[in-house]
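Listed below are the residues making up each chain.
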Amino acid sequence: MKINNKERKHVQEIDEKSKMHQKIIFGEIKEENEEANISIEITTTEEINKDFEIIIDNVSIKAYEKKIFIAILDNNWKIAQGKVIRNETEIAVERASKYFEKNLGIKLIPLVRVEWKLESENKIISLDEMHEKAIKDAEKLLGLKQEWIVEKGRSEKNNGFDMLNAFTNKTGEHFGFIFGGENAAFHFAQSNYLQKALNEAGMGYIQVTVIDEWAESLVQHEVSHIFGAKDRDSREYEPSVMTKQLTTEEVIKAFIEGKMWLQCNNWLIEDMKIMIENVELFK
Ligand SMILES: [Zn+2]
């Protein structure tokens, strides 16, 4: 490992027996706001699943930042109708991280991305189906000893990952969701709820796919829920990444004005306060 370009010997064991795994040591940095540039070279990877892609090889972390290590399950997220239309999943997470870093001192660090199969007999994937499959498949794909443990906080049982982010290019009941109190976020490329609403509004079955620019807001929205932020009703609250319109007319109007939640990256002060209180959930 190199810290500020100085070589340091450091063994990073991805092993649940190791209580130190994924703990990044800051070396001699003493100032609270000093920045460290850390590059990690992986030298032993025999034990790691071949489809297990290590994303991170260079990360810059400020001493005050809360670091959230993320494992990504990726079901063809980039693809829509046979074409690549979105960036890799970790790009969406890294872009979302910028807002958490700037406003809350939380850095989302996508550590690994694994290819994930989400076969389903249903055209519309239910929240339960997505959830159950991801939690279960994480066990094999991430080399865990059991299903992904959904409790918040750094769990040795999840091999040191703090958060699971699952992405699929398939259609879900909604664009994304988390189950309350959990450390896993789920993202769909299409929302059946929106498609139905547009149909009922006389626009036919338009498929609204998450475009690349929206992916960061989608991640930002769901991860904000993990930190306790709430869905906000646009009749009561200003536009923000958490503010949703309830009727189709309102959605269309907000979309045209660029104020739909997928088009926003700001938070309301109410949600920022809640999230700051919950930062310590990830110790
Ligand atoms: Zn929400």
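Computed from a predicted model, the values in this text were never measured in an experiment. (Residues numbered from 1 in each chain as written. Predicted model: local features only at pLDDT ≥ 70, side-chain atom pairs only at ≥ 80, totals over all residues.)

## Considerations on the overall build of the protein chain
Each helix and strand in the protein chain was counted, giving 6 helices and 15 strands. Among the 283 residues that make up the protein chain, the fraction classed as buried is 33%. (Helix = DSSP H or I, 4+ residues; strand = E, 2+ residues; numbered from the N terminus. Buried ≥ 20, exposed ≤ 12 C-beta atoms within 10 Å, placed from the backbone.)

## Re helix H4 (residues 212-226)
Residues spaced three or four apart along an α-helix point in a common direction, a consequence of the helix completing one turn every 3.6 residues. Compared with an ideal rise of 1.5 Å per residue, which puts 15 residues at 21 Å, H4 spans 22 Å between its outermost C-alpha atoms and is within 8% of the ideal. Along H4, 13 of the 15 residues are buried, which leaves the element largely enclosed by surrounding structure. (Expected span 1.5 Å × (residues − 1).)

## Considering the pairing of strand E11 (residues 163-172)
When a strand is regular, its side chains alternate between the sheet's two faces. E11 sits mainly inside the fold: 9 of its 10 residues count as buried. Sheet topology places strand E6 (residues 66-75) next to E11; 6 bridges connect them, and they run parallel. Within E11, the position partnered with Asn75 by the bridge is Thr168. One ladder, built from 2 bridges, connects strand E10 (residues 124-125) with E11; its direction is parallel. If you follow Ile125 over to E11, its bridge partner there is Gly172. Direction of pairing for E11 relative to strand E13 (residues 184-191): parallel, over a ladder of 7 bridges. Pairing of Thr168 across the sheet is with Phe188, part of E13. (Pairing = 2+ DSSP bridges.)

## Topic: helix H3 (residues 192-203)
If you check H3, its first and last C-alpha atoms are just 14 Å apart, much less than what 12 residues at 1.5 Å a residue would give, namely 16 Å. Positive phi shows up at Gly204, right after H3, with a value of about 80°.

## Looking at the environment of Leu281
Note on placement: Leu281 falls in the segment after helix H6 (269-278). In this structure the C-alpha to C-alpha distance between Leu281 and Glu151, which are 130 residues apart in sequence, comes to 9.7 Å. Setting aside anything within four residues of it in sequence, one finds Leu281 in contact with Lys152 and Gly153. (Contact = placed C-beta atoms within 7 Å.)

## Observations regarding the confidence of the model for the protein chain
For the protein chain, mean pLDDT is 84; residues scoring 70 or higher make up 78% of the total. Overall, residues 9-29 carries pLDDT values under 50, and its contacts beyond four positions in sequence, including any with other chains, amount to 28 contacts. (pLDDT = per-residue confidence, 0-100.)

## As for the nonpolar core
In a soluble, globular protein the nonpolar side chains are often hidden away together inside. Within the largest apolar cluster, 55 residues are counted, with the highest numbers of intra-cluster contacts made by Ile70, Leu108 and Leu164. Listing elements by their share of this core, those giving two or more residues are E6, helix H1 (89-104), strand E9 (106-115), helix H2 (127-141), E11, E13, H4 and helix H5 (248-257). If we skip the residues at most four places from it in the chain, Leu108 touches Ile68, Ile70, Val93, Ala96, Ser97, Phe100 and Val223. (Core = buried A, V, L, I, M, F, W, Y, C linked by C-beta atoms within 7 Å.)

## Remarks on the pairing of E9
Across the 10 residues that make up E9, a large majority, 7, are buried. Taken together, the 9 bridges between E6 and E9 define a ladder with parallel strand orientation. Residue Ile68 lies in a different strand from E9, and its bridge partner there is Leu108.

## Some details on the packing of H1 against H4
It is at 8 Å that the axes of H1 and H4 come closest, and there the two elements cross at 60°. For the pair H1 and H4, the sense of crossing is right-handed. Listed contacts from H4 to Ala92, Val93, Arg95, Ala96 and Tyr99 of H1 are Ala215, Glu216, Val219, Gln220 and Val223. Within the contact of H1 with H4, the residues separate by chemical class into 7 nonpolar, 1 polar and 2 charged. (Axes fitted to C-alpha atoms, helices over the stretch in contact; angles between N-to-C directions. Left-handed = near helix turned anticlockwise from the far one by under 90°. Nonpolar A, V, L, I, M, F, W, Y, C, P; charged D, E, K, R; others polar.)

## Structural notes on unusual backbone geometry
Of note, Asn76 is a non-glycine position whose phi angle comes to about 50°, a positive value. Inspection of the secondary structure puts Asn76 in the loop between E6 and strand E7 (79-80). The phi torsion at Gln81 lies on the positive side, around 45°, for a residue other than glycine. By the element assignment, Gln81 lies in the loop between E7 and strand E8 (83-84).

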